[in-house]
Amino acid sequence: MTKIRKQTKFTSALPFVFMLLFAVSSLPAMTQSTKYQERVDVLVDNIDQHFKAGITGLYYETADRVQKDNPHSWLWPLCALLQASHEVDVVMPGKKHMEPVVKAIDQYYSPVVPVAYQDYVTAERKSSRFYDDNQWIAITYLDAYQRNPDPKYLQASVMIHDFMMTGLDTVAGGGLYWKEGELDSKNTCSNGPAILIALQLYKVTKEKKYLETAMSVYNWTNKTLQAPNGLFYDAIKIPSLKIDQTFFTYNAGSMMQANALLYNITKDKKYLLEAQRIATAAKTHFFKNNRLPKDYWFNAVLLRGCQELYSIDKNWGWIDFFVTDADAIWAQRDAQNFLKDGQHKALIDQAGMLEIYARLAQLVK
């Protein structure tokens, strides 16, 4: 009799069990895109919690705030956070993640003619001005302008274009210097972005002068700084004309993106083939043992180029290795959800990975 009661009890529970199993099986599976969006949410919260400098609207360089000379961040990490925040706004429209970063960068504005942004907070001291720092800002603003045609984005980008052109001369045959007032180095990191700004301004304004600038700097950079394998050396030193043959992922990324944009503008297949050549060389050189180098923001710039190329040829091979690397990095985050090894957790690293996860959320299914 006891057995019968137990059997009856179990049998009466079966409909509930089947209903529960059906309900669970009916739940939508987490998509890859959702997975990356959740990581984006975590990183956004972490940056807000550990790097925002209260009512000043500024940011700290590191989470432990140990900068000896600067209470606040250099401009460069904010350039990384600006583009990352733009990509977050693409994934999650309406939340306006870019706005506080724009307001922070406004505090780096230098009224010294030609006006531009200096590399540290203007109210705290007069500081240096780098062409590439300014260029990364303009690149993001022009991306944002195509999504939201706010006149401020275009005006600031034209301002930065005019500033960067003061860094162009005929020494070493052309090209832009890296830092205002220091005529000792012309780098891929100040010439690749210059091409991107000029091309983006041409797309927006249709003014021929921007396309001419892009082509002039493009030709010089290829002639002077491109290696035989398709990658780009770091710099040419002035006046020795010695080439610094270091390869960085972001230099490959900016020049790959430049070629992809030139293909979109001209429809000349040689630019597409060149973008693919750079992408192949970059993947071969930088992706070793299923990992990219630990320069996360540099890798984010490489992903920009790969994403631009993927939008044309739909070759997932330009994206898959970023997925592998990004997933490995997430698996190794610490208890506070900081990414990257080391004692001092840097804003630029968190921002670089935030951009990568936000871009992957756009790319994966």
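All of these numbers come straight from a predicted model, not from anything done at the bench. (Residues numbered from 1 in each chain as written. Predicted model: local features only at pLDDT ≥ 70, side-chain atom pairs only at ≥ 80, totals over all residues. Heavy atoms only, no water.)

Undergrad: What is the right way to read the overall build of the chain from this model?
TA: When you go through the chain residue by residue, the secondary structure sums to 13 helices and five strands. Projecting the C-alpha coordinates of the chain onto the three principal axes gives extents of approximately 100 × 50 × 40 Å. Looking at the 365 residues of the chain, the share that counts as buried comes to 53%. When contacts within the chain are restricted to residue pairs at least 6 apart in sequence, long-range pairs at least 24 apart make up 64% of them. A total of about 16,900 Å² of accessible surface is found on the chain, and carbon and sulfur atoms cover 57% of it. (Helix = DSSP H or I, 4+ residues; strand = E, 2+ residues; numbered from the N terminus. Buried < 20%, exposed > 50% of the residue type's maximum accessible area, 1.4 Å probe, protein only. Contact = heavy atoms within 4.5 Å. Areas by Shrake-Rupley, 256 points an atom, 1.4 Å probe, with all protein chains shown as cover.)

Undergrad: Quick question: what am I supposed to make of the side chain of Gln257 here?
TA: Structurally, the position occupied by Gln257 is in helix α9 (residues 249–266). Assessed through its relative accessible area of 9%, Gln257 is described here as buried. When sequence neighbours within four positions are dropped, the list of residues in contact with Gln257 reads Leu196, Arg304, Gly305 and Glu308.

Undergrad: Mind showing me how you'd approach the pairing of strand β4 (residues 233–237) here?
TA: When a strand is regular, its side chains alternate between the sheet's two faces. Within β4, four of the five residues are buried, which leaves the element mostly enclosed by the surrounding structure. Two elements, strand β3 (residues 185–187) and β4, share three bridges in a ladder whose sense is antiparallel. Residue pairing for β4: Ser185 is matched across the bridge by Lys237. Summarising the sheet, β4 and strand β5 (residues 243–247) pair through three bridges and their orientation is antiparallel. When the bridges of β5 are listed, Tyr233 appears paired with Phe247. (Pairing = 2+ DSSP bridges.)

Undergrad: What's the story with α9 in this structure? I'm lost.
TA: Structural remark: α-helix, 3.6 residues per turn; residues separated by three or four positions point the same way. For α9, which comprises 18 residues, the first-to-last C-alpha distance of 26 Å matches the rise-based estimate of 26 Å (1.5 Å per residue) to within 8%. Within α9, 15 of the 18 residues are buried, which leaves the element mostly enclosed by the surrounding structure. Positioned one or two residues after α9, Lys267 has a phi angle of 65°, which is positive. (Expected span 1.5 Å × (residues − 1).)

Undergrad: What is the right way to read unusual backbone geometry from this model?
TA: Glycine aside, a negative phi is what most residues show, and trans is what most peptide bonds show. In the segment running from Val113 into Pro114, the intervening peptide bond is cis, with an omega of 0°. Counting through the fold element by element, Pro114 comes out in the loop between β1 (109–110) and β2 (116–117). With a phi close to 65°, Ala172 is a non-glycine residue in the positive phi region. Overall, the relative accessible area of 26% leaves Ala172 in the partly exposed class.

Undergrad: Which parts of the structure should I look at to understand the sheet that holds β4?
TA: The pairing of strands in a sheet happens through backbone hydrogen bonds and is either parallel or antiparallel. The strand order across the open sheet built from three strands is β3-β4-β5, with neighbouring strands paired in antiparallel fashion. The strands lining the two open edges of the sheet, one partner per strand, are β3 and β5. For this sheet, the mean inter-axis angle between neighbouring strands, taken without regard to orientation, is 20°. (Axes fitted to C-alpha atoms, helices over the stretch in contact; angles between N-to-C directions.)

Undergrad: How should the pattern of salt bridges be read in this particular structure?
TA: Pairing between side chains of opposite charge can happen when the charged atoms of each approach one another. Taken as a whole, this structure holds 14 salt bridges when the rule is applied. The residue Lys186 makes a salt bridge to Asp169 at a minimum N-O spacing of 2.6 Å. Of this pair, Lys186 sits in strand β3 while Asp169 is found in the loop between α6 (151–165) and β3, placing the two residues 17 residues apart along the sequence. Overlapping salt bridges bring together Glu87, Arg304, Glu355 and Arg359 as one network. (Salt bridge = Lys/Arg side-chain N within 4 Å of Asp/Glu carboxyl O.)

Undergrad: It is not clear to me how the nonpolar core should be interpreted in this structure. Could you clarify?
TA: Note on soluble globular proteins: their nonpolar side chains tend to be buried together. Ranked by internal contacts, the top residues of the largest apolar core, which has 117 residues, are Tyr117, Tyr141 and Tyr357. For this core, the element with the highest residue contribution is helix α13 (residues 347–363), accounting for eleven residues. Contacts of Tyr357, omitting those with residues within four sequence positions, involve Tyr36, Arg39, Val40, Leu43, Ala326, Ile329, Trp330 and Leu339. (Core = buried A, V, L, I, M, F, W, Y, C linked by side-chain atoms within 4.5 Å.)

Undergrad: Would you take a moment to explain the packing of helix α2 (residues 32–51) against α13 for this structure?
TA: Axes are the key here: two packed helices are described by the angle between their axes and the distance separating the axes. Following both chains from N to C, one finds α2 and α13 inclined at 155°, their axes separated by 8 Å at the closest point. Comparing the axis directions of α2 and α13 gives the class roughly antiparallel. Relative to α13, α2 is oriented so that their crossing is left-handed. The residues of α13 that touch α2, namely those facing Ser33, Tyr36, Gln37, Arg39, Val40, Leu43, Val44, Ile47 and Phe51, are Leu347, Gln350, Ala351, Met353, Leu354, Tyr357, Ala358, Leu360 and Ala361. (Parallel < 35°, antiparallel > 145°, perpendicular 65-115°, else oblique. Left-handed = near helix turned anticlockwise from the far one by under 90°.)

Undergrad: Can you help me understand the packing of aromatic side chains in this one?
TA: Geometry of an aromatic ring pair is reported as the spacing of the ring centres plus the angle between the planes. For the structure shown, the criterion picks out 22 aromatic pairs. Ring centres of Tyr141 and Tyr153 lie 5.2 Å apart, and the angle between their planes is 35°; this geometry places the pair in the tilted category. One end of the pair, Tyr141, is in helix α5 (residues 131–147); the other, Tyr153, is in helix α6, with twelve residues separating them in the sequence. The burial state of Tyr141 is the same as that of Tyr153; both residues are buried. Where Tyr310 meets Trp316, the ring centres are 5.5 Å apart and the plane angle is 75°; that geometry is what we call edge-to-face. By relative accessible area, Tyr310 is classed as buried at 18%. By way of ring pairs, the aromatic residues Trp76, Trp136, Phe248, Tyr250, Trp297 and Phe298 are connected into one cluster. Note that Lys186 overlies the ring of Tyr177, its terminal NZ or CZ placed 4.6 Å from the centroid. Positioned above the aromatic ring of Tyr263 is the side chain of Lys267, whose terminal nitrogen or guanidinium carbon lies 5.6 Å from the ring centre. (Phe/Tyr/Trp six-rings, centres within 6.5 Å; stacked < 30°, edge-to-face > 60°. Lys NZ or Arg CZ within 6 Å of the ring centre and 35° of its normal.)

Undergrad: I keep staring at the environment of Ile139 and nothing clicks. Help me out?
TA: Within the secondary structure layout, Ile139 lies in helix α5. What makes Ile139 buried here is its relative accessible area of 3%. When the C-alpha atoms of Ile139 and Ile238 are compared, they prove to be 27 Å apart, with 99 residues separating the residues in sequence. When neighbours within four sequence positions are excluded, Ile139 is seen to be in contact with Gln83, Pro193, Leu196, Ile197, Gln200 and Arg304.

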